[in-house]
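Coordinates in review
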Amino acid sequence: VSDRMVEAEDYEVCNKFVEGALSGVEFEAVLHYLSGKSYDEIAVSMGRSAKSVDNALQRAKNAIRAGLKKRKDITLNMLRHYFHELISTSDDYKI
C-alpha cells in the first residue's frame, strides 16, 4: 500500500471523526487558532466575541480528547496531519 493511499485513508477517517465531533463553529475556531490567529483575531474573522471563541475552542479540545480516548483508529499525529493539510490548502474554514 502506497504512502499516499494510507494518507488518503487517514484523511477520510479524520474528516469523519472531526465532522462528528465538532460543530461548525468549533471547527472554524480550531482552524483559525491552528493557523496562528489570536482569540481576538478569530473573533473578528468569525463575527463573534473573544469569549465565544474561547468557549468554542474549549469545547473542541474536550470533544477531540474524548473522541481520541474512544477511537483507537485515530491518533493525535493523524489529526495533526489532517489539520495541517486543511490549513495549508484552504482559507475557508467552514465545515
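What counts, and where the lines are drawn
Residues numbered from 1 in each chain as written. Predicted model: local features only at pLDDT ≥ 70, side-chain atom pairs only at ≥ 80, totals over all residues. Heavy atoms only, no water. Helix = DSSP H or I, 4+ residues; strand = E, 2+ residues; numbered from the N terminus. Expected span 1.5 Å × (residues − 1). Buried < 20%, exposed > 50% of the residue type's maximum accessible area, 1.4 Å probe, protein only. Arc of directions from axis to C-beta. Axes fitted to C-alpha atoms, helices over the stretch in contact; angles between N-to-C directions. Parallel < 35°, antiparallel > 145°, perpendicular 65-115°, else oblique. Contact = heavy atoms within 4.5 Å. Nonpolar A, V, L, I, M, F, W, Y, C, P; charged D, E, K, R; others polar.

**Observations regarding helix α5 (residues 76-89)**
Between its terminal C-alpha atoms α5 stretches 20 Å, which fits the 20 Å expected from 14 residues at 1.5 Å a residue. Buried within α5 are the following residues: Met78, Leu79, Tyr82, Phe83 and Leu86. For α5, the angular spread of buried residues about the axis comes to 130°, placing them on one side. Exposed and oriented more than 90 degrees from the buried face of α5 are Arg80, His81, His84 and Ser88.

**Focus: the packing of helix α2 (residues 24-34) against α5**
Direction vectors running N to C along α2 and α5 enclose 80°, while the axes themselves pass 10 Å from each other. Classified by the angle between their axes, α2 and α5 sit roughly perpendicular to one another. Here Phe27, Val30, Leu31 and Leu34 of α2 come into contact with α5, specifically with Tyr82, Phe83, Leu86 and Ile87. Within the contact of α2 with α5, the residues separate by chemical class into eight nonpolar, no polar and no charged.

Treat this as a map of the structure, not an account of what it does.
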